[in-house]
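# Survey of secondary and tertiary structure
Take a look at the letters that make up each chain.
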Amino acid sequence: MTAAFMDLVDVTIVNIAIPSIQREAGASVAQIQWITAGYALAFAAGLITGGRLGDIHGRKRVFLIGIGGFTVASALCGLAANPEMLVAARVLQGAMAALMVPQVLSIVHATFPAHERGKVFGLFGAVVGLGAVSGPLLGALLTEWNLFGLEWRPIFLINLPVGLAGLILGGRFITESKAPRALKLDLAGVALVTLGLLMLLYPLTRGRELGWPLWGHLSMAGAFVVFAALVAYERRKAARDGSPLVELSLFRVKSFAAGIAVQTVFGVALGIFFLVWTLYLQIGLGWGELKAGLTGVPFSVAVSVAAGLSVQKLVPRFGRKVLQAGALIMAAGVLLYLWECDRYGLSIAPWQMALPLVVMGVGMGLIVAPLTDAVLSEVPREHAGSASGLINTVQQMGNALGLGLVSVVFYGVIDEHLTPAGTGPAFVNAFQHALGWVAGVLAVIFLLMTALPKRPAQHVEGAAPAATGSASPEKAAERELVS
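Heads up: these notes are all about the structure in this document. (Residues numbered from 1 in each chain as written. Predicted model: local features only at pLDDT ≥ 70, side-chain atom pairs only at ≥ 80, totals over all residues. Heavy atoms only, no water.)

To continue, consider the overall build of the protein. Per the secondary structure count, the protein includes 19 helices and 0 strands. The C-alpha radius of gyration computed for the protein amounts to 22 Å, which stays within 12% of the reference 23 Å derived for 483 residues, consistent with globular compactness. In terms of its C-alpha atoms, the protein occupies a principal-axis envelope of roughly 70 × 45 × 45 Å. The proportion of buried residues among the 483 residues of the protein is 55%. For the protein, the exposed area adds up to about 19,800 Å²; of that, 68% sits on carbon and sulfur atoms. Between the averaged position of the 32 positive side-chain charges in the protein and that of its 26 negative side-chain charges there is a distance of 8 Å. (Helix = DSSP H or I, 4+ residues; strand = E, 2+ residues; numbered from the N terminus. Rg over C-alpha atoms; globule rule 2.2 N^0.38 Å. Buried < 20%, exposed > 50% of the residue type's maximum accessible area, 1.4 Å probe, protein only. Areas by Shrake-Rupley, 256 points an atom, 1.4 Å probe, with all protein chains shown as cover. Lys, Arg positive; Asp, Glu negative; His and termini not counted. Charge placed at Lys NZ, Arg CZ, Asp CG, Glu CD.)

Shown next, in the form of structure tokens:
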């Protein structure tokens, strides 16, 4: 949980401090882009590989290497002598996060019995909600306080005590686990996954700044050719020695395949919303970093409370309906936010945003924790790392796609030649337009959720012995494999 929180905070904390980095470090516009994009690209490209390395060499071992490397990279970011060093340290930080993050879910999946896993995923959902919104708030406070005259550097240095605590506690309390049979790292698969993800994510990350050049469209189209080649190669690799990087058999598990689709589209919705929300608050309304950060607190609290409640109380009773209700509630919050923006315009106050943000937060909390549980619940334990890496990768792909769509759904309705007086109204209008898109994406998520299992497998596994005894031998064997 410490590692998951540290990663989520680090993703969001940097954006708030960008003006300070640009001013104090003298970074160019291109370097500023790479400070954020370098981390995201290294992280996304390495997630599947990081998950598989945990299966092969031990999830605890790879986790400790990842969290140790992430802490060292954070120190290098905070001590960077120039923008070039900061960019390189951020790329290293993303690569270490790719080793660390997939182990979080796979360690939970391998360590806890099915009937206890829901509580852990509830805590995980709460950490996700807390980390996603506390990052900007923490970044605003640390930058504004200018501790010891260090300007922006404390936003990275704060990871040092947290990372050391995670390293010490992880070494003491995490139980080692790995795949039960010997696996080998599929280097050709690593190369194909990395190439495909870079061909897709790099143009999406840089496209708007570069004016969407032709090579970017060709690269994104070519990425799907690479992914097709990856599928063909992995199928042959599985038949030959049983050690593919991407375990294609996972997609025959209906809950996993459906959950991956939902995760991807959900990532698109979040990628659009959080970026345009930041632009709307800080540029459209002209609010400072601290005011914008505090505005998100009701959302964070609502996500945390709803996430714990959904997994521990609601999903065991109502199953898939809880996730579908979450999508509808979150969409209702988005539409309420849209209505308030239209009604109050530039005079809107933080307290007026509290209600739609709480409604959105409740909806997101009902989705984020049980969705992870639903995706992993029927996955064989020996493939937990690969499955966890895939979940995180498609989330990052969805986020990147959402960020790319911001240029269409937000900037696409803003005049390039704005006057200072016209900036606020233009950004408010663009934010409303983007919220309409987010509501539409949430409707698609609601429909995709109909393919999820009505009840998570953990509740089947936790059934009474009599129920187990009455099952067919095939079902009993399947249940034993899952547990």
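Quick look at the pattern of salt bridges now. Side-chain pairing between opposite charges can occur once the charged atoms of the two side chains come close. Within this structure, the stated rule accounts for 4 salt bridges. For Arg52, the salt bridge is made with Asp55, and the minimal N-O distance between the two is 3.0 Å. Pair noted here: Arg52 and Asp55 are both in helix α2 (residues 29-57), with a separation of 3 residues, about one helical turn. For the pair shown, Arg52 and Asp55 are each scored as buried. For Arg52, the salt bridge identified is with Glu247, shortest N-O distance 3.5 Å. In this pair, Arg52 is assigned in helix α2 and Glu247 in the loop between α9 (214-241) and α10 (254-284), connecting sequence segments 195 residues apart. We note that Arg52, like Glu247, is buried. (Salt bridge = Lys/Arg side-chain N within 4 Å of Asp/Glu carboxyl O.)

What follows covers the environment of Pro370. By the element assignment, Pro370 lies in helix α14 (residues 350-376). Using a relative accessible area of 4% as the deciding quantity, one classes Pro370 as buried.

Remark: helix α12 (residues 297-318) packs on helix α13 (residues 320-344), axes separated minimally by 6 Å, with the N-to-C direction vectors making an angle of 115 degrees. Facing Ser310, Leu314, Val315 and Phe318 of α12, the residues of α13 in contact are Arg320, Lys321 and Val322. Among the residues forming the contact of α12 with α13, the class breakdown is 4 nonpolar, 1 polar and 2 charged. (Axes fitted to C-alpha atoms, helices over the stretch in contact; angles between N-to-C directions. Contact = heavy atoms within 4.5 Å. Nonpolar A, V, L, I, M, F, W, Y, C, P; charged D, E, K, R; others polar.)

Right, let's get into the nonpolar core. Formed by 104 residues in total, the largest nonpolar core has its most connected members in Phe256, Tyr280, Leu281, Tyr337, Met353, Phe410 and Phe431. With 15 residues, α10 is the largest single contributor of residues to this core. The residues touching Tyr280, leaving out its near neighbours within four places in the chain, are Leu285, Tyr337, Cys341, Ile348, Met353, Phe427, Val428 and Phe431. Core analysis: the next-biggest nonpolar cluster, separate from the first, contains 18 residues, Val14, Ala17, Ile35 and Val87 among them. (Core = buried A, V, L, I, M, F, W, Y, C linked by side-chain atoms within 4.5 Å.)

Before going further, it helps to spend a moment on the environment of Gly267. Turning to its location among the elements, Gly267 is positioned in helix α10. Considering only alpha carbons, one finds Gly267 and Ile283, 16 residues apart in sequence, at a separation of 24 Å. Those residues in contact with Gly267, other than ones at most four positions away along the chain, are Gln395, Gly398 and Asn399.

Right, let's talk about a nonpolar patch on the surface for a bit. Together, Val72, Leu76, Met85 and Leu92 give the surface a local cluster of nonpolar side chains, amounting to about 290 Å² of exposed area. Its place among the elements puts Leu92 in helix α4 (residues 83-111). (Patch = residues over 30% accessible without salt bridge, like charges linked within 9 Å, V, L, I, M, F, W, Y side chains within 5 Å.)

Attention now goes to the packing of aromatic side chains. Scanning the entire structure with this criterion turns up 13 aromatic pairs. Consider the rings of Tyr39 and Phe43, whose centres lie 5.9 Å apart with planes at 40 degrees: the pair is tilted. Linking Tyr39 with Phe43, this pair stays in helix α2, spanning 4 residues, or about one helical turn. Accessibility expressed as a relative area gives 2% for Phe43, which makes it buried. With a centroid separation of 5.4 Å and 80 degrees between ring planes, the pair formed by Tyr337 and Phe431 is classed as edge-to-face. One end of the pair, Tyr337, is in helix α13; the other, Phe431, is in helix α16 (residues 420-448), with 94 residues separating them in the sequence. (Phe/Tyr/Trp six-rings, centres within 6.5 Å; stacked < 30°, edge-to-face > 60°.)

Attention now goes to the side chain of Ser106. By the element assignment, Ser106 lies in helix α4. A distance of 3.3 Å separates a polar side-chain atom of Ser106 from the backbone oxygen of Gln103. (Polar contact = N/O pair within 3.5 Å; in protein donor to acceptor, adjacent residues only side chain to side chain.)

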